[in-house]
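# Reading the structure
Residues per chain are reported as follows:
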Amino acid sequence: MEAVFRNARLTAGGPLADLAVGGGKFMGVTTASAAPLRAGEVDLEGRVALPGFIESHIHLDKAFLEERRSNLSGTLPDAIAITLELKRAVTKEDIRGRSERALGLLLRHGTTRARVQVEVDPIVRLRGMEAALELKEAWRGRVGLQLVVFPQEGIERQPGTGDLMREAMRMGGDAVGGVPYNDLDPERHLDIVFRLATEFGKDIDLHLDFSDDPGDRRIESVVRRTRAAGLQGRVAVGHLTSLGAMDEGTAARIADLIAGAGVHVLPLPATDLFLCGRGPVPPRHRSLTPVKALLRAGVNVSIASNNIRNAFTPSGRGDLLEIGLLLACVAHMSGASERVLIPPMFTENAARVLGVEDRYGIAPGKDADFVVLDTLSYNDIVIDQPEKRWVVKGGRVVVENLRETRWAE
Ligand SMILES: [Zn+2]
């Protein structure tokens, strides 16, 4: 036995638990003992403990580019153009430095695993992939990384990208990324992505639609392809804001299709709210995939930061709890019975996106990754926004945060 964390709150109403960890795993999760605290044991004093947060969709390589140039129009075409221009000048060291700043924020806020979108194209070539592979090794004991090979500039639009993607998959890509809306022919883009994933036996992680157009039905093609390739449970789509623009009946029917194909949906609210809903003519709406309709249909929904401070998302502190509050407000989920559905979106549901459920969670034999929140109220995590008192990775405390208020006399 290497360490014991006493008096953890794992559920809203159940008894407190003691967590014994050793060899990087949970060895025992038992009802809290009444015995006096022994040397080396940590008393959590009834604070809530959640499994380590999972950032299921994050771009480290373009983090903090907001400091070089802001996207003042707030449109998607400008976000793509500004980032492309800045990308021409980046070196591997630059990518690595900004990525490490972002990873530090993620870890500080409780994230112990992340799925990282790594840009691969004839401009940046494989520099981002090389930096990401170095980071994956260097951060192994703090934030476990999965790498998605992502053709942000399109595949056919930037000739040579397909070959670079194949090379990046050989180097160690964990999933094939895609962005059909930013290529010459979205369907041919999907052909290439699905072929590559099948060839390497890996997951698919797409940026899908990102429009306010109710007529954009690209998701139906993704569902069909997922079934045909036998990739149920292994395809994720980010954004999917078009679904939020459709009438309720159509959205519900498509949500059923998504659930049936086991496609994961990732609302990325900080980005969706910044870039979309800016059409020239009313009616305008706050763009977001219809989270409640997706949950009703049984779709696995996971939220993520997507970006930290760049032309796609000027805000962000790498704090998934904060993204949870944003979602609660914008998806009408702040009420008591609905806000409890949000923490799973950056814990268990996110683990399903990454395909790590067998190692994930606070239970014997699972990886001892967890976050202790400075609150006693399990049901109010999202509205309390408690400090992440301790972040534990592989049974080891890797971050301790203290928030102190001093009142004047
Ligand atoms: Zn993204």
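Residues numbered from 1 in each chain as written. Predicted model: local features only at pLDDT ≥ 70, side-chain atom pairs only at ≥ 80, totals over all residues. Heavy atoms only, no water.

### Regarding the sheet that holds strand β12 (residues 264-266)
Applicable threshold: Here the rule is simple: two strands pair whenever DSSP picks up at least two bridges between them. Strands here mean DSSP runs of E at least two residues long; helices mean DSSP runs of H or I at least four residues long; both are numbered from the N terminus. Lines fitted to the C-alpha atoms define the axes, with helices restricted to the stretch that makes contact. Angles between their N-to-C directions range from 0 to 180 degrees.
The sheet built from seven strands is open, its strands ordered β6-β7-β8-β9-β10-β11-β12 with parallel pairing. Whereas interior strands pair on both sides, the edge strands pair on one side only; in this sheet they are β6 (53-58) and β12. For this sheet, the mean angle separating the axes of adjacent strands, direction not counted, is 20°.

### Things to note about the packing of aromatic side chains
Put simply, the rule is: What counts as a ring pair is set by centres within 6.5 Å for rings of Phe, Tyr and Trp (its six-membered ring), and what kind of pair is set by the plane angle: stacked under 30 degrees, edge-to-face over 60, tilted for all other angles. Throughout, exposure labels follow a simple rule: accessible area from a 1.4 Å probe, protein chains only, divided by the maximum for the residue type, with under 20% read as buried, over 50% as exposed, and the rest as partly exposed.
Across all of its chains, the model carries four aromatic pairs by this definition. Between Phe-26 and Phe-370 the ring centres are 5.6 Å apart and the planes differ by 35°, which places this aromatic pair in the tilted class. Of the two residues, Phe-26 sits in strand β3 (residues 25-31) while Phe-370 sits in strand β13 (residues 370-373), which places them 344 residues apart along the sequence. Measuring from ring centre to ring centre gives 4.8 Å for Phe-53 and Phe-346, while their planes differ by 70°; the resulting arrangement is edge-to-face. In this pair, Phe-53 sits in strand β6 while Phe-346 sits in the loop between α12 (336-339) and α13 (348-354), placing the two residues 293 residues apart along the sequence. With relative accessibility at 0%, the residue Phe-53 sits in the buried group. Residue Phe-346 is classed as buried on the basis of its relative accessible area of 0%.

### Observations regarding the coordination of the zinc ion
Stated formally: For Na, K and Ca the donor cutoff is 3.2 Å, while for all other metals N, O and S atoms must lie within 2.8 Å; water is not among the atoms, so some sites may look incomplete. Every angle between 85 and 135 degrees makes a four-donor site tetrahedral, while opposite donors more than 155 degrees apart, with all other angles between 65 and 115, make a four-donor site square planar and a six-donor site octahedral; other sites are irregular.
Around the zinc ion, the protein contributes the donor atoms His-57 (NE2), His-59 (NE2), His-207 (NE2) and Asn-306 (OD1), which lie 2.1 to 2.2 Å from the metal centre. Note that the zinc ion binds four donor atoms; their angles at the metal cover 85 to 172°, and the shape is irregular. Coordination of the zinc ion draws on donor residues from a single chain, spaced H-x1-H-x147-H-x98-N in sequence. Pair noted here: His-57 is in strand β6 and Asn-306 is in the loop between α10 (291-297) and α11 (320-330), with a separation of 249 residues, a long-range link. Residue class for Asn-306 comes out buried when judged on its relative accessible area of 2%.

### Brief notes about helix α6 (residues 218-228)
Condition: Note on definitions: a residue-residue contact is assigned when non-hydrogen atoms from the two residues lie within 4.5 Å.
If you check which residues of α6 are buried, you get Ile-219, Glu-220, Ser-221, Val-222, Val-223, Arg-225 and Thr-226. Where α6 is buried, its residues meet α5 (186-200), β10 (203-208), β11 (235-239) and α8 (248-260). Remark: Gly-230 follows α6 within two positions and exhibits a positive phi of approximately 65°.

### Structural notes on the side chain of Gln-117
Heads up, the rule is: What qualifies as a polar contact is a pair of N or O atoms within 3.5 Å, subject to a donor-acceptor requirement within protein and to the restriction that residues adjacent in sequence count only when both atoms come from side chains.
In this fold, Gln-117 is placed in strand β7 (residues 111-119). Here the side chain of Gln-117 touches Asp-205 through a polar contact of 3.3 Å, side chain to side chain. Discounting chain neighbours no more than four positions away, the residues touching Gln-117 are His-57, Ile-58, His-59, Asp-61, Val-148, Phe-150, Asp-205 and His-207.

### Description of the packing of α5 against α6
A pair of packed helices is characterised by two quantities: the angle between their axes and the separation of those axes. In plain terms, the rule: An angle counts as roughly parallel when it lies under 35 degrees, as roughly antiparallel when it exceeds 145, as roughly perpendicular when it falls between 65 and 115, and as oblique in every other case. By convention, the crossing between two helices is left-handed when the near helix turns anticlockwise from the far helix through less than a right angle, and right-handed when the turn is clockwise.
Relative orientation of the contacting elements α5 and α6 amounts to 30°, with a least axis distance of 11 Å. Here α6 runs roughly parallel to α5, going by the angle between their axes. The interaxial crossing formed by α5 with α6 has right-handed handedness. Along the contact surface, α5 presents Pro-186, Glu-187, Leu-190, Asp-191 and Phe-194, while α6 presents Arg-218, Ser-221, Val-222, Arg-225 and Thr-226.

### So, the environment of Leu-325
Topologically, Leu-325 is positioned in helix α11. In this structure Leu-325 comes out as partly exposed when scored by relative accessible area, which is 27%. For Leu-325 and Gln-385, which are 60 residues apart along the polypeptide, the C-alpha to C-alpha distance reads 8.1 Å. Beyond its immediate chain neighbours, meaning those up to four positions away, Leu-325 contacts Val-382 and Gln-385.

### Let's talk about the environment of Ala-102
Among the secondary structure elements, Ala-102 is positioned in helix α2 (residues 92-108). Judged by its relative accessible area of 1%, Ala-102 is buried. Distance from Ala-102 to Asp-319, taken between C-alpha atoms, is 11 Å for residues 217 residues apart in sequence. Sequence-distant contacts of Ala-102, defined by excluding residues within four places in its chain, comprise Leu-60, Ala-63, Phe-64 and Ile-308.

### Digging into helix α4 (residues 161-171)
Test applied: Here, the arc refers to the directions that run from the helix axis to the C-beta atoms.
Taken together, the buried positions of α4 are occupied by Thr-161, Leu-164, Met-165, Ala-168 and Met-169. Within α4, the buried residues cover an arc of 140° as seen down the axis, which keeps them to one side. Relative to its buried face, α4 has exposed residues pointing more than 90 degrees away, namely Asp-163 and Arg-170. Residues of α4 that are buried sit in contact with α3 (127-138), β8 (144-150), β9 (175-178) and α5. Gly-172 lies just past α4 and shows a positive phi near 140°.

### Remarks on the pattern of salt bridges
Put simply, the test is: The term salt bridge refers to a side-chain nitrogen of Lys or Arg lying within 4 Å of a carboxyl oxygen of Asp or Glu.
Under the counting rule described, the total for this entry stands at 44 salt bridges. Of the charged contacts in the structure, one is a salt bridge between Asp-94 and Arg-68, with a shortest N-O distance of 2.9 Å. Note that Asp-94 is positioned in helix α2 and Arg-68 in the loop between β6 and α1 (76-87), a separation of 26 residues in sequence. Accessibility expressed as a relative area gives 18% for Asp-94, which makes it buried. Look at Arg-68 and you get partly exposed, because its relative accessible area is 46%. For Glu-338, the salt bridge identified is with Lys-292, shortest N-O distance 3.2 Å. With Glu-338 in helix α12 and Lys-292 in helix α10, this residue pair connects regions lying 46 residues apart in the sequence. For Glu-338, a relative accessible area of 24% gives the class partly exposed.

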